[in-house]
Amino acid sequence: MKKAKLSIINLILITFTTIMLIAGLIIGVLVFSNWFDFADDTLTEISTRFDRDVYSIVEFYMENHWTGSMEDWEGLSNHLDLMVKDRNSMAVLVDKNTGELIANSINMDNQLTFGNGTSRPILIGDMGYPALTKAYNSYKDSNLKTHKLTNINSTFYIKISEYKDKGFEWLIITAIPDSQVTTTINETILFTILSVVAAMGLAIIVYYALIRKLTKPLYNLVVITERFAGGDFSLRVPVFRYDEIGLLTRAFNSMADTIYGLVNHLEDKVKERTLELEKANEDLEDNRNHLRLILDSTAEGIYGLDLEGNCTFCNNSVLDLLGYEDEDELIGKQMHYTIHHSRRDGSRMELEECKILKAIKDGTQVHVDDEVFWKKDGTYIDVEYRVYPQIKDDVVVGGVVSFMDITETKEAQEKIHYLSTHDPVTGLYNRQFIESEIKRIDMDINLPISIIFGDVNGLKLLNDIYGHDKGDELLRKTSEVLKKATRLDDIVARIGGDEFIIILKRTDREGARSLIKRIKSLISSERISGIKGSIALGTDTKSSPDQDIKAVINKAEEEMYSVKTLESKVAYTGMLDDIMEALFERSPREKRHSENVSRISGQIAKAMGLSEEVIKRIEDIGYYHDIGKIILDKDILNKMGRLDSKEQEEMERHTLIGYRILNLFNQTLDMAEVVLCHHESWDGSGYPKGLRAREIPLYSRIIAVAEGYDAMTNRVDDSGLEPHKALDEIKSLSGTRYDPEVVEAFLTLRDKKEA
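Everything numeric in this text was worked out from a predicted model, so none of it was measured. (Residues numbered from 1 in each chain as written. Predicted model: local features only at pLDDT ≥ 70, side-chain atom pairs only at ≥ 80, totals over all residues. Heavy atoms only, no water.)

A.B. asks: Sorry if this is basic, but what is going on with helix α16 (residues 549-586) here?
C.D. replies: In an α-helix there are 3.6 residues to a turn, and that puts residues three or four apart on one side. At E567, α16 shows its largest bend, some 55°. Capping of α16 at its N-terminal end is provided by D548; its side-chain oxygen lies 3.1 Å from the backbone amide nitrogen of K550. (Bend = angle between axes of the 7 residues up to and from the residue. Helix = DSSP H or I, 4+ residues; strand = E, 2+ residues; numbered from the N terminus. Polar contact = N/O pair within 3.5 Å; in protein donor to acceptor, adjacent residues only side chain to side chain.)

A.B. asks: Looking at this structure, I do not really get the side chain of K410. What am I missing?
C.D. replies: With respect to the secondary-structure elements, K410 resides in helix α11 (residues 407-421). Notably, K410 is buried but unbridged: the nearest opposite-charge side chain belongs to D369, and the N-O separation is 5.1 Å. Among residues more than four places away in sequence, those in contact with K410 are D369, D370 and D382. (Buried < 20%, exposed > 50% of the residue type's maximum accessible area, 1.4 Å probe, protein only. Lys, Arg positive; Asp, Glu negative; His and termini not counted. Salt bridge = Lys/Arg side-chain N within 4 Å of Asp/Glu carboxyl O. Contact = heavy atoms within 4.5 Å.)

A.B. asks: In this structure, what is going on with the pattern of salt bridges? I would like to understand it.
C.D. replies: Note on pairing: side chains with opposite charge can pair once their charged atoms come close. Taken as a whole and judged by the stated rule, the model has 33 salt bridges. Between R653 and E650 there is a salt bridge, with its nearest N and O atoms 2.8 Å apart. For R653, a relative accessible area of 38% puts it in the partly exposed group. The exposure class assigned to E650 is partly exposed, which follows from its relative accessible area of 27%. Put simply, K689 and E673 hold a salt bridge, and the shortest N to O gap is 3.1 Å. Placement of K689 in the loop between α22 (669-676) and α23 (698-713) and of E673 in helix α22 is noted, with a sequence separation of 16 residues between them. The partly exposed category is assigned to K689, whose relative accessible area is 46%. Classification of E673 as partly exposed rests on a relative accessible area of 30%. Here the salt bridges share partners, and the residues they tie into one network are K616, R617, D620 and D670.

A.B. asks: How do you make sense of the pairing of strand β8 (residues 301-305) when you look at a structure like this?
C.D. replies: Consecutive side chains along a regular strand alternate between the two faces of the sheet. Within β8, five of the five residues are buried, which leaves it mostly tucked inside the rest of the structure. Side chains of β8 alternate between two faces, with G301, Y303 and L305 and I302 and G304 buried alike. Here β8 runs beside strand β12 (residues 395-405); their pairing, made up of five bridges, is antiparallel. In the strand pairing of β12, L305 is matched with G399. Linking two consecutive strands that pair antiparallel, namely β8 and strand β9 (residues 311-314), is a turn of five residues; a positive phi of about 85° is found at G309 within it. (Pairing = 2+ DSSP bridges.)

A.B. asks: Help me understand the sheet that holds strand β10 (residues 366-374), please; the structure alone is not making it clear to me.
C.D. replies: Read across the open sheet, the five strands follow the order β9-β8-β12-β11-β10; overall the sheet is antiparallel. Of all the strands in the sheet, the pair left with one neighbour each is β9 and β10. Each neighbouring strand pair of the sheet contributes to a mean axis angle of 30°, computed without reference to strand direction. α11 rests against β10, β11 (380-392) and β12 of the sheet, and its axis sits at about 130° to β11. (Axes fitted to C-alpha atoms, helices over the stretch in contact; angles between N-to-C directions.)

A.B. asks: Explain the nonpolar core to me, please; I cannot follow it from the model alone.
C.D. replies: Among the nonpolar cores identified, the biggest contains 74 residues, and I519, I661 and F746 are the most heavily contacted of them. The contact partners of I661, leaving out residues within four places of it in the chain, are L461, I465, L576, I579, I627 and I630. One finds L319, Y324, Y385 and F403 within the second-largest nonpolar core, a separate group that totals 25 residues. (Core = buried A, V, L, I, M, F, W, Y, C linked by side-chain atoms within 4.5 Å.)

A.B. asks: Where do I start with the packing of helix α18 (residues 612-624) against α23 in this structure?
C.D. replies: Packed helices, taken two at a time, are described by their axes: the angle between them and the distance between them. Between α18 and α23, the least distance of the axes is 10 Å, while the angle of their chain directions is 60°. The pairing of α18 with α23 is recorded here as oblique in orientation. In the crossing of α18 with α23, the sense of the turn from one axis to the other is right-handed. Within the contact between the two elements, α18 uses V614, I618, I621 and G622 and α23 uses Y699, I702 and I703. Its residues placed into classes, the contact of α18 with α23 shows six nonpolar, one polar and no charged. (Parallel < 35°, antiparallel > 145°, perpendicular 65-115°, else oblique. Left-handed = near helix turned anticlockwise from the far one by under 90°. Nonpolar A, V, L, I, M, F, W, Y, C, P; charged D, E, K, R; others polar.)

A.B. asks: Would you mind going over helix α21 (residues 654-662) with me for this structure?
C.D. replies: All of the buried residues along α21 are H654, T655, I657, G658, I661 and L662. For α21, the arc enclosing every buried residue in end-on projection is 160°, short of the 170-degree limit, so these residues lie on one face. Buried residues belonging to α21 abut α13 (459-466), α16, α20 (645-651) and α22. (Arc of directions from axis to C-beta.)

A.B. asks: Can you help me understand the sheet that holds strand β2 (residues 101-104) in this one?
C.D. replies: Pairing between the strands of a sheet comes from backbone hydrogen bonds, and it takes one of two forms, parallel or antiparallel. Taken in spatial order, the five strands make up an open sheet running β2-β1-β7-β6-β5, and their pairing is antiparallel. Of all strands in the sheet, those bounded by a partner on one side alone are β2 and β5 (146-151). The average undirected angle you get between the axes of adjacent strands in this sheet is 25°. When strand β1 (residues 90-95) meets strand β7 (residues 168-177), the two strands line up antiparallel, connected through six bridges. Paired with M90 across the bridge in β7 is A175. Contacting β1, β2 and β7, helix α2 (residues 70-84) crosses the sheet at an angle of about 45° to β2.

A.B. asks: Hey, could you run me through the environment of H593 in this one?
C.D. replies: Counting through the fold element by element, H593 comes out in helix α17 (residues 588-607). Taking C-alpha positions, H593 is 7.7 Å from A711, a pair spaced 118 residues apart along the chain. Non-local contacts of H593, meaning those with residues more than four positions away in its chain, are made with H625, D626, E707 and D710.

A.B. asks: Can you help me understand unusual backbone geometry in this one?
C.D. replies: With glycine set apart, most residues show a phi of negative sign, and most peptide bonds adopt trans. In this structure, the amide linkage connecting L447 to the following residue, P448, adopts the cis form with an omega of -10°. One can find P448 in the loop between α12 (431-441) and β13 (449-456). Y687 connects to P688 through a cis peptide bond whose omega is 10°. For P688, the location among the structural elements is in the loop between α22 and α23. In this structure, N107 is a non-glycine residue whose phi angle is positive, near 60°. Considering the arrangement of structural elements, one finds N107 in the loop between β2 and β3 (111-113). Taking the relative accessible area as the measure of exposure, N107 reaches 67% and is therefore exposed.

A.B. asks: Help me understand a nonpolar patch on the surface, please; the structure alone is not making it clear to me.
C.D. replies: There is a patch of nonpolar side chains on the surface, built from L202, I205, V206 and L210 and spanning about 380 Å² of accessible area. The topology assignment puts L202 in helix α4 (residues 179-214). (Patch = residues over 30% accessible without salt bridge, like charges linked within 9 Å, V, L, I, M, F, W, Y side chains within 5 Å. Areas by Shrake-Rupley, 256 points an atom, 1.4 Å probe, with all protein chains shown as cover.)

As structure tokens, then:
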């Protein structure tokens, strides 16, 4: 065997070293270049996102917290400070024209105070950040909004945005140091270079030693190969190791076996190869089935398209979501015309407008969440879909579409939006909507703009008597009247507990006054639990552009309160009469009872020598003393005989309810305590407080005797006592149930009548 002129060991070593050096150099250049490009792109993206975040914070603060007070400047700086707290960045707000500092995130005062006590605003050049000053000046000169500038030992990525609102012209300047990214990258690069150099040196040394040892078996391989080539097919090379040379040796031996087998056992080899191919086909089919199982296990619908938009495959979720029974109904069909042909409103979507086909044609990915897919039954579902082009050998051959049904999510979003702008009780617009809508309406084209401010009467009364369900019914009735009385383009809203507002575009004062009359007429015909509806309304009109719409609203509100004050006595008296009429309709005997107690109470008061004014007041209280019975069930009101314990407990609530009703009106405040205590007993056994003797108001003691006598003598079933027996009963209860002095006056009164 001839000796090689060039040692394979040296050749391999030189080649290995050269490749490693070239590869390391190329990879290093590419990686480090990409790292620095990545750092620059990352910092630019971070700077842009940070600038948007700071702008949003300023905009949010100005819209929701700004009042113009001095505390607002500090509050704005605090918001900026919180914004950049963990970002190792800074945000500065300066006046666009003067460069005066408005707010900042670095805890710097906005005023520069001198030793003599004088002060002036700090300018951007006073802050000690040359990069910020240079960026500001550059923006002023050339309107350049993005900068990469060196500030002392750091490089800053600076963004400048304009903010205009409430008469201010500000510049929002954000700065992010490049050290956020480049410090780590520089450290990584240095460590990588040192590691690579050390590894390469060690690899060359080890590689040289191993090559010398590992290539020795090559000699045996060459000898056997020459003899094998000479025709001795029985020779095989001994395998000493299982490295590359060992693999080469085994490959030679395998080749030798193969050649030997082909020569001696060709038929057996053909059969064996056939079995291997069959096994490979079975494995391929198993893989396909496994892939299909994965696709059918996903909740997302997934289907494939060719370049013409025809369906090539679909999973079970596609069938379930779109209402199909078998994939054969979709395979080969043009999917745009099958499921994507129209928009939500039914308008046609042409093939050229289809984002799915356009994405496949352009070889780009697309994400869409505002379109619909049409089901087999003709209904649609809101979907969020993604398109992924299929690329083979740099050529687009089709695409894959995955989608989810987001109908419920869309409905929830729409519901949240509705609740944010509408009152949940009446369905009218709410205060939040009005505050934003009034800005849109306040335009010269809509003049004159009339505002009607309303406050519905009786809401608290219904809430206290019947509960909030009846109060809500009053609000809904009122809203129905307001919508019925107004035009389609008029804006009606509930902006408070019992307050409503109507905005009338292109409506003068006379038109607004006419609408008020119509509303009052309509609402007076409505009744809630017997109480007639009423509302106080005030109006004002913006007739010229220089009028402030907020001042117009305030004036309409002031007029409403004036009207409410003037009408309050009539309105409240009417409500009391409505309650009593409703009570009398449910129980006619309560009407007789109220009239009798009023008359008898006045007679007792007169017998006790009280003044005419007091007598009249006691008669009024006697008439209203059982107004709280309005809450009682009709069966309890009209029951003959004794009440059971549960009914009695319900009956005893009427004094408290009467107290709450009369407490609502200024005209009846003095009646409330009397009505509350008219079932108290002289000996303290009464209700609701268990008062005794003179702890009980005098008027209550008088009404108690009058009510007791009437209850004994005037019953619907004619089972009442004779007057003289009732007097004996009243007398027997003197000092226990009744005040002895009141009883004595009553008995004297009856004696005089009999005489």
